[in-house]
Amino acid sequence: MQGKDLLQLADQFGTPLYVYDAEKIQSQFNRLIKAFSKVEKLRVNYAMKALSNVSILQLMKDMGAGLDTVSIQEVLLGLHAGFEPERIFYTPNGVSLEEIEEVYALGVQINIDNLSILEQFGTKHPSVPVCIRINPHVMAGGNTNISVGHIDSKFGISIHQLPHLVRIVENTKMNIVGIHMHTGSDILDIEVFLYAAEILFDAAKNFKNLEFLDFGSGFKVPYKKDDIETDIEELGKKLSKRFNAFCTEYGKDLTLIFEPGKFLVSQAGFFLTKVNVVKQTTSTVFAGVDSGFNHLIRPMLYGSQHHIENISNPKGKERFYSVVGYICETDTFANNRRIAEIKEGDILSFHNAGAYCFSMSSNYNSRFKPAEVLWLNGKGHLIRAHEKFEDLLQNQIPLQIEATV
Ligand SMILES: *Cc1c(COP(=O)(O)O)cnc(C)c1O
């Protein structure tokens, strides 16, 4: 899709607006499938926390994806979108035994990531097929907020606790069908990933009834020009070969699972905002837009750089701008960024706005959340309306105090 399409959508639906390009989602999905075409049984489970609109979930289902969820509410949304329970995977962190039991009762594959719950669940439900999340302690993340494989991480069962883990499984006679790892976002070095995979293979040999190995995600996508990204094709070539050799050694064709979020939807998304004010100070030119970290928090939370394009004036002479929001706290989207000359009323398009953008939005400052549009077959389909004043009041209960005087 092109700048002029986005401009037309901003005009038609108003700003701020999220737009997702279905074709891009499909092409990323196909790219992953193709990279791993040498693996007999491959399954791609979409990590829906990246972008959880039900229409996006339906699109994923139609492409043949499964679903990766982290809460019972995500499971319910997935079922609502029409996923079969057996195509849904539940990988929570630090949730209660009760929630895990509720999800299991829905027919969803559960993944347990600590020894305490594993022992409790295995004792009560020894025949239920369970997957175990291992922490291989490999530093594969691109930044400390999202590296979940290191030694102090709260995620997964430490690989150093494998003997204890095996003991629990033997004592409870529970049914372990899968081993999982998710080392963290942003895999840049394929050798590091393959090293973590070896740790997973080693752990897997301890369990006799496995059906799948789940390698999580962490595929890095480019956020700016000439940015580095995970070489999916090289990973596909090397990991497929190693995986197939492992299956031979194990004596069974296991299913290889990935659960990408960002890789599937990040680049498909655009966030459209309107410039309310251009403000020149002694040192900086600010472009203030009709949004803030209430709608897109990644630059402030992770320091991530979203490329920003002035689609109202794409050929304009480039100048330096700091793009800021309207929230009553510092909310800088971009510092001293080269952008084609901006006038008040112009539409700025933020790239890579598909993953962890709308799904992390809030009503802070009592602002409405943006609408969402899916661009499909050359046409924009509204898949979430702009909020209204009543939405801010929903679930609030006016205090009723009886007059005492
Ligand atoms: C968030 C998450 C993912 C998806 O990570 P991306 O970097 O968006 O691909 C996959 N698996 C688990 C368990 C997650 O928590």
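A brief report on the enclosed structure follows. (Residues numbered from 1 in each chain as written. Predicted model: local features only at pLDDT ≥ 70, side-chain atom pairs only at ≥ 80, totals over all residues. Heavy atoms only, no water.)

1. Points about empty space enclosed by the protein
Short version of the rule: The method works on a 1 Å grid over the protein atoms by themselves. A cavity is a set of points holding a 1.4 Å probe that cannot get out, a pocket is an open set with protein on both sides within 12 Å along at least five of seven lines, and residues with an atom within 4 Å of a point line them. Grid points are joined across faces, edges and corners, and a volume is the space filled by probe spheres set on the points. All residues other than Ala, Val, Leu, Ile, Met, Phe, Trp, Tyr, Cys, Pro, Asp, Glu, Lys and Arg, Gly among them, are scored as polar; the first ten of these are nonpolar and the last four charged.
This structure, assessed with the given rule, holds one cavity of 30 Å³ or more. For the largest cavity, the full set of lining residues is P92, N93, G94, V95, I100, N111, I112, D113, N114 and I117. Taken together, the residues that form the lining of the largest cavity break down as five nonpolar, four polar and one charged.

2. Things to note about the pairing of strand 17 (residues 371-376)
Selection criterion: To sort residues, take the accessible area from a 1.4 Å probe on protein chains only and compare it with the maximum for the residue type: under 20% means buried, over 50% means exposed, and anything in between is partly exposed. A run of H or I in DSSP becomes a helix once it reaches four residues, and a run of E becomes a strand once it reaches two; helices and strands are each numbered from the N terminus. Strands pair, by our definition, only if DSSP identifies at least two bridges between them.
Across the six residues that make up strand 17, a large majority, five, are buried. Relative to strand 17, strand 1 (residues 17-21) is paired through five bridges, and the arrangement is parallel. Paired with L17 across the strands is A371, a residue of strand 17. Note: strand 17 against strand 18 (residues 379-384), five bridges, orientation antiparallel. Looking at the pairing, E372 lines up with R384 of strand 18. Where strand 17 hands over to strand 18, the hairpin turn is made up of two residues, of which N377 adopts a positive phi near 50°.

3. Considerations on the side chain of H351
Using the following cut-off: A 3.5 Å cut-off defines polar contacts: any pair of N or O atoms within that distance qualifies, except that in protein one atom must be a possible hydrogen donor and the other a possible acceptor, and neighbouring residues in sequence count only when both atoms are side-chain atoms. Only heavy atoms enter the contact rule, under which two residues are in contact if any of them lie within 4.5 Å.
For H351, the location among the structural elements is in the loop between strand 16 (347-350) and strand 17. At 2.7 Å, the side chain of H351 forms a polar contact with the side chain of E309. In this view, H351 contacts G269, F270, H306, H307 and E309; residues no more than four positions away in its chain are not counted.

4. Points about the layout of surface pockets
The space that makes up the second largest pocket amounts to roughly 230 Å³. Among the elements of the structure, strand 13 (308-310) and strand 15 (332-340) are those that each provide at least two residues to the lining of the second largest pocket. Of the residues belonging to the lining of the second largest pocket, the class tally is four nonpolar, three polar and five charged.

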